[in-house]
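# Commentary on secondary and tertiary structure
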Amino acid sequence: GAVVSQHPSWVICKSGTSVKIECRSLDFQATTMFWYRQFPKQSLMLMATSNEGSKATYEQGVEKDKFLINHASLTLSTLTVTSAHPEDSSFYICSALRQGASGYTFGSGTRLTVV
Amino acid sequence: GQNIDQPTEMTATEGAIVQINCTYQTSGFNGLFWYQQHAGEAPTFLSYNVLDGLEEKGRFSSFLSRSKGYSYLLLKELQMKDSASYLCAASNQAGTALIFGKGTTLSVSS
C-alpha cells in the first residue's frame with residue numbers, strides 16, 4: 001500500500017518552454033502533497049506545500065509564478081515549470097502525506113534537463 | 001531557525017558496522033526519519049522515531065534522544081548495496097513537510 005506515482009521520470013525540454021510533472025497517490029487520498037527539488041550531491045529542498053482545493057504555500061525564494069502547482073483532486077498534484085531555463089535543471093520529487101505521523105510517501109522523482 | 005546536521009561522507013568495509021549521527025534543531029518536534037537514497041532515485045523510508053530509544057529493524061536500527069536533539073542510524077553487517085546517501089529528516093509539526101539534512105554518503109568497500 002501507499003504508492004505515489006510520479007510522471008514523467010525524466011524530461012528534456014528547450015529553454016523557454018514549460019514542463020508539467022504529475023504526482024498521483026494511487027491507493028490513498030492525499031489532502032497534502034509536498035514538492036522538493038534536489039540539485040546534484042545536495043539534499044532535498046522543499047519548494048512548496050500543496051493542499052487540495054486551495055493555493056499552494058511556497059517556500060521563501062521559490063517563484064510561485066514560475067513553479068505553478070495545482071492540487072485539484074485528492075489524488076493528483078501537478079507542478080508546472082514555466083519558461084524553463086537551464087538553471088531549473090534538477091531532480092524534482094513529490095511526497096504525499098497519508099494519515100499517521102510517519103505517513104510520508106515519495107514519488108520516484110523527475111529528472112528535468114533544460115537545454 | 002531549523003537545522004539538521006549530519007556528516008557529509010563516511011566509508012566502511014563489508015561486514016562492518018557503521019553509525020551515522022544526526023543532530024537537529026527544530027521549532028517543534030513530531031518525529032525523526034531516516035531515508036536511504038541511491039543516486040538518481042527517490043528516497044526510500046528506513047525508520048521513524050518519535051519516542052526516545054532504539055528502534056531495530058533487521059540490519060538497520062535507529063536511536064533518538066529528544067532532550068539532546070540527537071539521532072543515529074546504525075547499519076550492521078554492511079553490504080556493498082548499502083553504498084548510498086542516508087538522509088536524516090525531521091518533522092516539526094504534524095501535517096507539515098519534512099526538513100532534510102544534507103545527507104551522508106556512505107561508501108562500502110570489499
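Residues numbered from 1 in each chain as written. Chains lettered and ligands numbered in written order. Predicted model: local features only at pLDDT ≥ 70, side-chain atom pairs only at ≥ 80, totals over all residues. Heavy atoms only, no water.

### Here's the deal with a nonpolar patch on the surface
Residues and elements named next belong to chain A. Which entries qualify depends on this criterion: Patch rule: a residue counts if its relative accessible area is over 30% and it has no salt bridge; like charges are joined within 9 Å, and nonpolar side chains (Val, Leu, Ile, Met, Phe, Trp, Tyr) within 5 Å. Computed by Shrake-Rupley with a 1.4 Å probe, the accessible areas treat only the displayed protein chains as cover when residues are assessed. Within this document, salt bridges are pairs made up of a side-chain nitrogen of Lys or Arg and a carboxyl oxygen of Asp or Glu, the two lying within 4 Å of each other. The way it works is that DSSP assigns letters per residue, a run of H or I at least four long becomes a helix, a run of E at least two long becomes a strand, and they are numbered from the N terminus. Each residue is assigned to one of three classes by its accessible area relative to the maximum for its type, calculated with a 1.4 Å probe on protein chains only: buried under 20%, partly exposed between the two thresholds, exposed over 50%.
Side chains of Trp10, Ile12 and Val115 sit close together on the surface and give an oily, nonpolar patch of about 370 Å² of accessible area. In this structure, valine 115 sits in the segment after strand E11 (110-114). When its relative accessible area of 57% is taken as the criterion, valine 115 is described as exposed.

### Here's the deal with the state of the cysteines
All names here are of chain A. Cut-off, in case you're wondering: Throughout, disulfides are identified as pairs of cysteine sulfur atoms within 2.5 Å of each other.
One pass over the structure, following the stated rule, counts two disulfides over all chains. Shown here is the disulfide that connects cysteine 23 with cysteine 94, its sulfur atoms set 2.0 Å apart. Across the S-S bond of cysteine 23 and cysteine 94 the torsion is about 80°, and the bridge reads as right-handed. Placement of the pair is cysteine 23 in strand E3 (residues 19-25) and cysteine 94 in strand E9 (residues 90-97), with a sequence separation of 71 residues. In this structure, cysteine 23 and cysteine 94 share a single accessibility class: buried.

### A word on the sheet that holds strand E1 (residues 4-7) of chain A
Residues and elements named next belong to chain A. Counted only if it meets this: When DSSP finds at least two bridges between two strands, those strands are taken to pair. Interaxial angle, 0 to 180 degrees, is taken between N-to-C directions of lines fitted to C-alpha atoms, where a helix line uses only the stretch in contact.
The sheet built from four strands is open, its strands ordered E1-E3-E8-E7 with antiparallel pairing. In the strand order of this sheet, the two ends are held by E1 and strand E7 (67-73), each with one partner. Here the strands of the sheet are splayed against their neighbours by 15° on average, with no regard to which way each runs. In terms of strand pairing, E1 meets E3 through four bridges, oriented antiparallel. Counterpart to glutamine 6 in the pairing with E3 is cysteine 23.

### Some details on the sheet that holds strand E8 (residues 70-75) of chain B
Residues and elements named next belong to chain B. The strand order across the open sheet formed by five strands is E1-E3-E8-E7-E6, and the pairing between neighbours is antiparallel. Each edge of the open sheet carries a strand with a single partner, namely strand E1 (3-5) and strand E6 (53-57). Strand-to-strand twist in this sheet, taken as the mean axis angle between neighbours without regard to direction, amounts to 15°. Pairing geometry for E6 and strand E7 (residues 60-65), over five bridges, is antiparallel. Opposite leucine 54, over in E7, you have phenylalanine 63 as the bridge partner.

### A word on the confidence of the model for chain A
Worth spelling out the cut-off: pLDDT is defined as a per-residue confidence score from the predictor, taking values between 0 and 100.
Model confidence for chain A is summarised by a mean pLDDT of 93, while 97% of its residues fall at 70 or above. By mean pLDDT, the top-scoring element of chain A is E11(A) (97), and the lowest-scoring one is strand E10 (residues 104-106) of chain A (91).

### Structural notes on the environment of A:Thr75
What counts here: We call two residues in contact whenever any of their non-hydrogen atoms come within 4.5 Å of each other.
Along the chain, A:Thr75 falls in the loop between E7 and strand E8 (76-81). In this view, A:Thr75 contacts A:Cys23, A:Arg24, A:Ser25, A:Phe28 and A:Met33; residues no more than four positions away in its chain are not counted.

### Notes on the interface of chain A and chain B
Note the threshold: As used here, buried area is the combined drop in accessible area, with a 1.4 Å probe, of two parts when they are placed together. Each polar contact in these results corresponds to two N or O atoms within 3.5 Å; when the atoms are within protein, one needs to be able to donate a hydrogen and the other to accept it, and residues that are neighboring in sequence are counted only if both atoms are side-chain atoms. Each residue receives one of three labels: charged for Asp, Glu, Lys and Arg, nonpolar for Ala, Val, Leu, Ile, Met, Phe, Trp, Tyr, Cys and Pro, and polar for the others, Gly being one of them.
Facing the 19 residues of chain A at the interface are 19 residues of chain B. When chain A packs against chain B, close to 1300 Å² is buried across both sides, 62% of that on carbon and sulfur atoms. Across the chain A-chain B interface, the total number found is zero salt bridges. Linking chain A to chain B there are four residue pairs in polar contact (both at pLDDT 80 or more). Put simply, the parts of the chain that give the side of chain A that touches chain B at least two residues each are strand E4 (32-38), E9 and E10 of chain A. For the side of chain A that touches chain B, the leading source of residues is E4(A), giving four residues. In the side of chain A that touches chain B, the residues fall into ten nonpolar, eight polar and one charged.

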